[in-house]
Each structure stands twice: as structure tokens, then as C-alpha cells.
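Each chain, letter by letter, is given below.
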Amino acid sequence: MVFFRGSSFFAARRLLDGVSWLDVEMQLTVKALKGRETIIQVSESDTVLSVKRLVEEKLQVPVSQQRLLYRGKALADEHSLSYYSIGPGSRLNLMVKDHMAQESPNGGNAVWKSLGVLLRNHFSPADAERVLECVQKDYERSLSLLSLDDIERLATRILHPQFSEAIDLGFLD
């Protein structure tokens, strides 16, 4: 008897069925907490971000406001459905982030809106949204990687610009 854990089951099943990794199509149900529900056609190799884009098309919920959950666990955009062992007939829960909750008290949302307008002037709406999402994620990732020393150096540059050259050269580190 053979036991499989997680996505190994799907990989083994594909091998037994003679189906290639990329050819497995399936239907998922996505249900929003406020009752709206849709069925989408996806592949196990699709990323969570691509699922969010399909949900945006079907339910008109912007990708930036979506949070997808499977069995109570939040799904990361960069992972594939098979990473979470999501198979045919699975049900994903959609939490819609409140538009006002995304605004920061210092007006940071206005910056993202302005950048979105600028990007839409140069790219298609879908491409502009994708670029904006990537910039926001990169920004958030960069902020999360800042150390206390990094913040201290930044504050010193802002509060004491006369020392900024010494800081850039590393004399005050």
C-alpha cells in the first residue's frame, strides 16, 4: 500500500493516468464571504495570482482587494495551486479587503492611485494593474527587510543632512 502526502498525490495520480503536469484542467468554486460564488476553470500549475485575475473577471473584485483562503490558510500569490494540494472540485474562500482599510493614515494610498493613473496612461489597464501590484509588493517586501540600523541611517539623513555624505561613505556606521 502506498501513501501520498500533499501534492505528491496529484503528481502520482498524473503519472498513473498518463497525464502531463500542465494538462490537468479542473474546476474550482470560489465563494466570497458575502455570498457571491463562481466556478472557474484552472490548471493545477496555475498560480494563485492567476486565479485572482480570473476571480476579478468573474466577480469584479480587484486583485489588490482579494485574499484567497483554502482550508483556512491564506494563499500566497506566487505559489501554484498544486503547492497547496488544491485539486478538482476544491472550494476557495474569498475575503474582500475593505477599500478604506487599505488607505494609510499618511495618505499612502494617494501615491498608489497616482502611480496607477500614470501607468494606465502608458499601458493597458490589465498591464498597469499588474505592474502596480508588483511595485506595491516590492515596496512592502523592501520595507519588511529594513533593519533598525537602516531606519536610523535614513532618519539621520533626513534630520541631519550635513552628515549625509559621511553616512554614505560609511564613516558613521
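In case you missed it, the structure is sitting above this.
Residues numbered from 1 in each chain as written. Predicted model: local features only at pLDDT ≥ 70, side-chain atom pairs only at ≥ 80, totals over all residues. Heavy atoms only, no water.

What follows is about the overall build of the protein. Secondary structure summary: the protein contains six helices and five strands in total. Secondary structure elements in the protein, listed N-terminal to C-terminal, are α-β-β-α-β-β-β-α-α-α-α. Pairs at least 24 residues apart make up 50% of the contacts formed inside the protein by residues separated by at least 6 positions. Here the protein displays about 11800 Å² of accessible surface, and carbon together with sulfur accounts for 57% of that area. (Helix = DSSP H or I, 4+ residues; strand = E, 2+ residues; numbered from the N terminus. Contact = heavy atoms within 4.5 Å. Areas by Shrake-Rupley, 256 points an atom, 1.4 Å probe, with all protein chains shown as cover.)

Another aspect to go through is the side chain of Ser-80. Positionally, Ser-80 belongs in the loop between strand S4 (73-74) and strand S5 (91-96). We classify Ser-80 as buried; its relative accessible area is 18%. Only 3.0 Å separates the side chain of Ser-80 from the side chain of Ser-82, close enough to count as a polar contact. With residues near it in sequence (within four places) discarded, Ser-80 still touches Glu-44, Ser-45, Asp-46 and Thr-47. (Buried < 20%, exposed > 50% of the residue type's maximum accessible area, 1.4 Å probe, protein only. Polar contact = N/O pair within 3.5 Å; in protein donor to acceptor, adjacent residues only side chain to side chain.)

Let us look at the sheet that holds strand S3 (residues 66-70). Judged by pairing direction, the sheet is mixed, and its five strands sit side by side in the order S2-S1-S5-S3-S4 without closing on themselves. Edge positions in the open sheet fall to strand S2 (37-43) and S4, since each of these has one partner strand only. Strand direction decides the pairing type here: strand S1 (residues 25-32) and S2, joined by seven bridges, are antiparallel. Residue pairing for S2: Glu-25 is matched across the bridge by Ser-43. Along the sheet face, helix H2 (residues 48-59) touches S1, S2, S3 and S5 and points at about 140 degrees away from the line of S2. (Pairing = 2+ DSSP bridges. Axes fitted to C-alpha atoms, helices over the stretch in contact; angles between N-to-C directions.)

So, about the nonpolar core. Ranked by internal contacts, the top residues of the largest apolar core, which has 19 residues, are Leu-28, Val-51, Leu-68, Leu-75, Ile-86 and Leu-92. Among the elements of the structure, S1, S2, H2, S3 and S5 are those that each provide at least two residues to this core. Dropping the residues within four chain positions of it, Leu-68 is found in contact with Val-30, Val-48, Val-51, Lys-52, Lys-73, Ala-74, Leu-75, Leu-92, Asn-93 and Leu-94. (Core = buried A, V, L, I, M, F, W, Y, C linked by side-chain atoms within 4.5 Å.)

This part is about unusual backbone geometry. Peptide bonds are mostly trans, and most non-glycine residues show a negative phi. For Arg-71, which is not glycine, the phi torsion reads 55 degrees and is therefore positive. Its location among the elements puts Arg-71 in the loop between S3 and S4. Assessed through its relative accessible area of 73%, Arg-71 is described here as exposed. Positive phi, close to 60 degrees, is recorded for Ser-85, a residue that is not glycine. With respect to the helices and strands, Ser-85 occurs in the loop between S4 and S5.

A grouping of Tyr-139, Leu-143, Leu-146, Leu-148 and Ile-151 is seen on the molecular surface, where their side chains present a nonpolar patch of about 500 Å² in accessible area. Position of Ile-151 among the secondary structure elements: in helix H5 (residues 148-159). Looking at Ile-151, the relative accessible area reads 44%, which means it is partly exposed. (Patch = residues over 30% accessible without salt bridge, like charges linked within 9 Å, V, L, I, M, F, W, Y side chains within 5 Å. Salt bridge = Lys/Arg side-chain N within 4 Å of Asp/Glu carboxyl O.)

Our next topic: the pattern of salt bridges. Per the stated rule, a full pass over the model turns up four salt bridges. Linked by salt bridges that have partners in common, Lys-52, Asp-77 and Lys-137 make up one network.

What follows concerns the side chain of Lys-52. Tracing the backbone through its elements, the reader meets Lys-52 in helix H2. When its relative accessible area of 7% is taken as the criterion, Lys-52 is described as buried. There is a polar contact of 2.8 Å between the side chain of Lys-52 and the side chain of Asp-77. Once you skip the residues sitting within four places of it in the chain, Lys-52 turns out to touch Val-63, Gln-66, Leu-68 and Asp-77.

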